[in-house]
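Structural characterization, general
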4 protein chains.
Amino acid sequence: MKYSFDGPLSGIIPPLVTPLKDNETLDVESLEHLIEHLITGGVHGLFILGTTGEEQSLSYRIRKQMIEETCRINKGRLPVLVCVTDTSIVESINLAHIAADCGASGVVSAPPYYFATGQPELAQFYEELVPQLPLPVFLYNMPSHVKVSFAPQTVHRIAQNPQVKGFKDSSANAVYFQSVMYTMKDRPDFAMLMGPEEITGESVLLGGHGGINGGANMFPELYVNMYNAAKSGNLKEVLRLQQYIMQISSTIYTVGQHGSSYLKGLKCALSLLGVIKDDFVASPFYKFNAPEREKIRLALEALPIENGKLML
Amino acid sequence: MKYSFDGPLSGIIPPLVTPLKDNETLDVESLEHLIEHLITGGVHGLFILGTTGEEQSLSYRIRKQMIEETCRINKGRLPVLVCVTDTSIVESINLAHIAADCGASGVVSAPPYYFATGQPELAQFYEELVPQLPLPVFLYNMPSHVKVSFAPQTVHRIAQNPQVKGFKDSSANAVYFQSVMYTMKDRPDFAMLMGPEEITGESVLLGGHGGINGGANMFPELYVNMYNAAKSGNLKEVLRLQQYIMQISSTIYTVGQHGSSYLKGLKCALSLLGVIKDDFVASPFYKFNAPEREKIRLALEALPIENGKLML
Amino acid sequence: MKYSFDGPLSGIIPPLVTPLKDNETLDVESLEHLIEHLITGGVHGLFILGTTGEEQSLSYRIRKQMIEETCRINKGRLPVLVCVTDTSIVESINLAHIAADCGASGVVSAPPYYFATGQPELAQFYEELVPQLPLPVFLYNMPSHVKVSFAPQTVHRIAQNPQVKGFKDSSANAVYFQSVMYTMKDRPDFAMLMGPEEITGESVLLGGHGGINGGANMFPELYVNMYNAAKSGNLKEVLRLQQYIMQISSTIYTVGQHGSSYLKGLKCALSLLGVIKDDFVASPFYKFNAPEREKIRLALEALPIENGKLML
Amino acid sequence: MKYSFDGPLSGIIPPLVTPLKDNETLDVESLEHLIEHLITGGVHGLFILGTTGEEQSLSYRIRKQMIEETCRINKGRLPVLVCVTDTSIVESINLAHIAADCGASGVVSAPPYYFATGQPELAQFYEELVPQLPLPVFLYNMPSHVKVSFAPQTVHRIAQNPQVKGFKDSSANAVYFQSVMYTMKDRPDFAMLMGPEEITGESVLLGGHGGINGGANMFPELYVNMYNAAKSGNLKEVLRLQQYIMQISSTIYTVGQHGSSYLKGLKCALSLLGVIKDDFVASPFYKFNAPEREKIRLALEALPIENGKLML
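Attention in this report is confined to the structure presented alongside it. (Residues numbered from 1 in each chain as written. Chains lettered and ligands numbered in written order. Predicted model: local features only at pLDDT ≥ 70, side-chain atom pairs only at ≥ 80, totals over all residues. Heavy atoms only, no water.)

1. A closer look at the relation of the copies chain A and chain D
The transformation that overlays chain A on chain D combines an axial shift of 0.0 Å with a rotation of 180°, and the residual RMSD is 0.0 Å. Each copy turns onto its partner about a two-fold axis. When you check the interface residues of chain A against chain D, 100% turn up at the interface there too, and the contact is symmetric in its surfaces. (Least-squares fit on C-alpha atoms with pLDDT ≥ 70 in both. Contact = heavy atoms within 4.5 Å.)

Written out as structure tokens, the structure reads:
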């Protein structure tokens, strides 16, 4: 399916974890299982090779394989977005062509992340990059990892190219999200997507179009229901579901003491839930040892899960 | 009026600007005018000597005078909160006693801001400070200015003292706000107050109790209406009012190129609106020159203002 | 003694710790002992109320007392520099007048540290402040604590007022120090003073004028000898002394896990050495408990100390 | 030549710029010219694909070509170090094997720079990586670009593997450099190399082994002379040469307003000096326009250059 992008891309588009056997081996079987789990869970798209997908830690061979396998397994059922963030414009374009060849619907790009660009350099970079990309483009704001943030006016300038279809913000700064949304108010087809699941509900209530939420790897229905509740203005349901989302966030993502807690916790929980086989995390991170794994097990036990599904 | 704090402090409690004639002279007449303007506008409390009130730039003599005059003018009509943030615990306690003597309802405290404390030091500091304060206490998170952020668990630890009645967050990080709110869910009387006006609406929709919004100095009704709309779940009205709030934020607060844009723009607009006489900003900031002032004038002109009031 | 400042202020000017009994009580007897210890040790000046002196944590009453007692005890034997850094320009000027009245030789000022200024604002602030100060002025760069750094050109602009006599840099960034020194090369009377003792030797070798080194509170001779060795180009001696300086830095200042390790370790060591009585640290920091104190004791034991003096 | 590494690698090892015609075309002729220019200038090694070499902005094809061509042109005359910093451990190892196959003498590695690692993760990463690298390894500290800094104890832990031969520090924090050097004092064969040319002189005076200085691309003799002067303890000469180094640093590297000033200025100056043909800078940076180029021309004009050589 080539996604039409008539209106803004909307809904829950989970950033898939990349199931691995080791640094050089994709676990294709687990990927199949994960994708079926997500589609059954009602998500609106698949987003691969993002931060949650450990793009930067993977070799280019595995990045390519991940694109191919995802598109193959998906069989056009959902739009597939591929993150092509790179420090090299050439490699970014290469990856985007692979994505297009495999039938992906769009690419996602965060700023180059070794050299920090000023805003004019950042705009110029995207004015050079976007026309060389063979698919619709979504900008990805991720200042904690790439050191620079798109100024709202920079988003506006880059998005004058209609190939730019939306914006994903993982800054957690809701004032910033509101500012970008306000700056882009003349583009009703421009998707405003929230990264952190803890504030997807409120952003959709205020006019955002959906969430790229890592927790949906585990419990897709929870985040889909939150999106639907927020979209339809069902505040009571939003508040009810928010409690589960915060419980997950404050338990499963906070074991361990480094910035890697989220990723390790998520993969560990997915393996405990049986969604993926092993929770191998690519270097420079390393999966949890037994004591941390036990904490994740207890965190899952505290949730109303039956047969791997959250009872909402 | 001694505020009872039976339930959580709620509503719009504007952080008053401090009207000044120069670095050493409070403009009492403008303060009177400002307070009447706010009370007429329906706000739920007065918050003085915060960041918007330039506490740190003022001499202790003026801080004291500002407390005295505000309480005198208020005549007990609204709860008055006094920010007593200081690098010296002794001076912080001194200021709190002045506030209590003048009849204020509570004090607000951000962490000491010269030395950066670790979380255990921060908790220990408040366990030492709070019992020496003669009023209910609100914690104030302001990492951009004080360099440290209260970890949610630190808020929870400090708030085991029931004298701690609430939390104001100016981090703009909505994930963080949700985390603190979730951590404090066992304390229904604990007020969760939002600093940035751009996200007060969404935070109240999600269970927050109100906003300490600088823009309310100009247009108290706008923020009061937003609070009421969000509290009653009137999403359509929230979205309508949000457009005005974002227009103000993206015009009046963005003139000039330094972090001081917000404060200079706000005081400049207040003087153009006739709420205060002069827009003197205390050192180390300096009020706008003519070209910037003209931009603020144009920003106000673009709003539907009649007789100094925003026509909502 | 009124220091003449004919040439640049030079040598080792220790930033005195402030001996305390509690948050509100200066330990005057320990201060007397400390000052005699330093003068006997050959230091070239006394610098009080700096970061090591915990200025910001002290009440104004104690700041005043510290100035008065230091000047009284010093009896004009050495130039006394008083740090008057404040967020309020009025309080800064007040403190400077107390310093002048007590016979201090100069004041030191870091930028206001609550609001972060842009460079033009910073320059304008000092152009307003300096003429109101009754003593020669030294600028103090301390970005980790005050969030802003003086751009080299800003130092140059502020120092066009000849009342500005020097610059203390605590950034640890030696490229920056070289840049400021190069920018000020037309002012041979302008003192370039290094904060961190670990690099005072190399900065003096390259033309710097001395160090404001906390370790000199413990072992004044070590830092004085380092200054003399570097000034006279005795490289072998510089390298020999550097080993002691690094041993101290990597043991006494690294116990504990927060930014406060340096201050706590220094005060703890001073009390173990008998230079001051108690190692009380003002809130929001707290002195070491027994296990950390034991580590400091062992660190001192590893140094060739006899009768409280480092055997060089 | 396989470099023996009997003693610590020492001297000036310039980080070569990568001469480019466009994002996908290496300018081999300019590279030849540059390498002859450096060898004639007396440098002690060649360091390619570092930050100055824009590794991250280049495609893997060009990275490979740059290694091959450099080793071919060098003909074993100098040790060649190849930067293999990557976010993917697999790609890092791949690049190192290319370097070994081409006859390079060592590889240089900064921490993965998308995900920020904690210190234990960082140590574990290098304990996994180093044994898979076919050449001696130099650690590269570059916190401004990779967000994490090697703690001195982490360097010590990683360097327990004798394959780790040295450390390059580009933090500009001289206290940090001293701390690492002190921590590694039991390893006399471990090379301590300074990145910023502004402080190479002082670091060598204090026991450092040399500099990886970008300015040596332009004027190799200046930095080689500085190294020799510092190594032999000729302080007068160090001070004399330091003036040129600071003049270059404060003029050629400060045109433009973004972090890219250094790289753009260096390449622009090299093209004006005729060392390389074009000053093309890889995306996301862009070479200077005419007005900035004119400023660089004037900066060069202010130096005593004859026939492209600095008259020392």
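2. Some words on unusual backbone geometry
Of the consecutive residues Ser-283 of chain B and Pro-284 of chain B, the connecting peptide bond is found in the cis state with omega at 10°. For Pro-284 of chain B, the position within the fold is in the loop between helix 11 (261-272) and helix 12 (290-301). Of note, Asn-307 of chain A is a non-glycine position whose phi angle comes to about 50°, a positive value. Mapped onto the elements, Asn-307 of chain A comes out in the loop between strand 11 (305-306) and strand 12 (309-310). (Helix = DSSP H or I, 4+ residues; strand = E, 2+ residues; numbered from the N terminus.)

3. Here's the deal with the sheet that holds strand 1 (residues 11-12) of chain D
Read across the open sheet, the 8 strands follow the order 1-10-9-8-7-6-5-4 (chain D); overall the sheet is parallel. Edge positions in the sheet fall to strand 1 and strand 4 (46-48) of chain D, since each has one partner strand and no second. (Pairing = 2+ DSSP bridges.)

4. Points about the pairing of strand 5 (residues 80-83) of chain A
All names here are of chain A. Residue alternation in strand 5 divides its side chains into two sets, Val-80 and Val-82 and Leu-81 and Cys-83, and both sets are buried. Here strand 4 (residues 46-48) runs beside strand 5; their pairing, made up of 3 bridges, is parallel. Its bridge partner being in strand 5, Ile-48 is matched across the sheet by Val-82. Taken together, strand 4, helix 2 (residues 60-74) and strand 5 form a β-α-β motif whose crossover is right-handed. Both strand 5 and strand 6 (residues 106-109) contribute to a ladder of 3 bridges, which runs parallel. The residue of strand 6 that forms the bridge with Cys-83 is Val-108. Handedness of the crossover joining strand 5 and strand 6 through helix 3 (residues 89-102) is recorded here as right-handed. (Buried < 20%, exposed > 50% of the residue type's maximum accessible area, 1.4 Å probe, protein only. Right-handed = clockwise from strand over helix to strand, strands pointing away.)

5. Quick look at the side chain of Glu-54 of chain A
Within the element layout of this structure, Glu-54 of chain A appears in the loop between strand 4 and helix 2. Of the residues examined, Glu-54 of chain A reaches a relative accessible area of 1% and is grouped as buried. A distance of 2.8 Å separates a polar atom in the side chain of Glu-54 of chain A from the backbone nitrogen of Ala-282 of chain A. Sequence-distant contacts of Glu-54 of chain A, that is, excluding residues within four places in its chain, are made with Thr-18, Leu-20, Leu-263, Lys-267, Val-281 and Ala-282 of chain A together with Phe-115 of chain D. (Polar contact = N/O pair within 3.5 Å; in protein donor to acceptor, adjacent residues only side chain to side chain.)

6. So, the sheet that holds strand 10 (residues 210-211) of chain A
Picture the strands of a sheet paired through backbone hydrogen bonds; they go either parallel or antiparallel. All names here are of chain A. Strand order in the open sheet formed by 8 strands is 1-10-9-8-7-6-5-4, and the pairing between neighbours is parallel. Bordering the open sheet on either side are strand 1 (11-12) and strand 4, each of which pairs with just one other strand. Bridging between strand 1 and strand 10 involves 2 bridges; their strand directions are parallel. Within strand 10, the residue paired with Ile-12 across the bridge is Gly-211. Contacting strand 4 and strand 5, helix 2 runs over the sheet at an angle of about 165° to strand 4. Of the strands in this sheet, strand 7 (137-141), strand 8 (164-169) and strand 9 (191-194) touch helix 7 (residues 174-183), which is tilted by about 170° from strand 9. (Axes fitted to C-alpha atoms, helices over the stretch in contact; angles between N-to-C directions.)

7. Comments concerning the relation of the copies chain C and chain D
Put simply, the second copy of the chain is the first one after a rotation about an axis and a shift along it. With an axial shift of 0.0 Å and an RMSD of 0.0 Å, the rotation relating chain C to chain D amounts to 180°. Looking at the interface residues of chain C, 100% of them are also at the interface in chain D, so both copies use one shared face.

8. Quick notes on helix 1 (residues 28-40) of chain D
All names here are of chain D. For helix 1, with 13 residues, the first-to-last C-alpha span of 18 Å sits near the 18 Å given by 1.5 Å per residue. The complete set of buried residues in helix 1 reads Ser-30, Leu-31, Leu-34, Ile-35, His-37 and Leu-38. The buried residues of helix 1 all sit within an arc of 160° when viewed along its axis, so they share a single face. Residues of helix 1 that are exposed and angled more than 90 degrees away from the buried face: Glu-29 and Thr-40. Its buried side turned inward, helix 1 meets strand 3 (25-26), strand 4, helix 2 (60-74) and helix 9 (220-231). Positioned one or two residues after helix 1, Gly-42 has a phi angle of 90°, which is positive. (Expected span 1.5 Å × (residues − 1). Arc of directions from axis to C-beta.)

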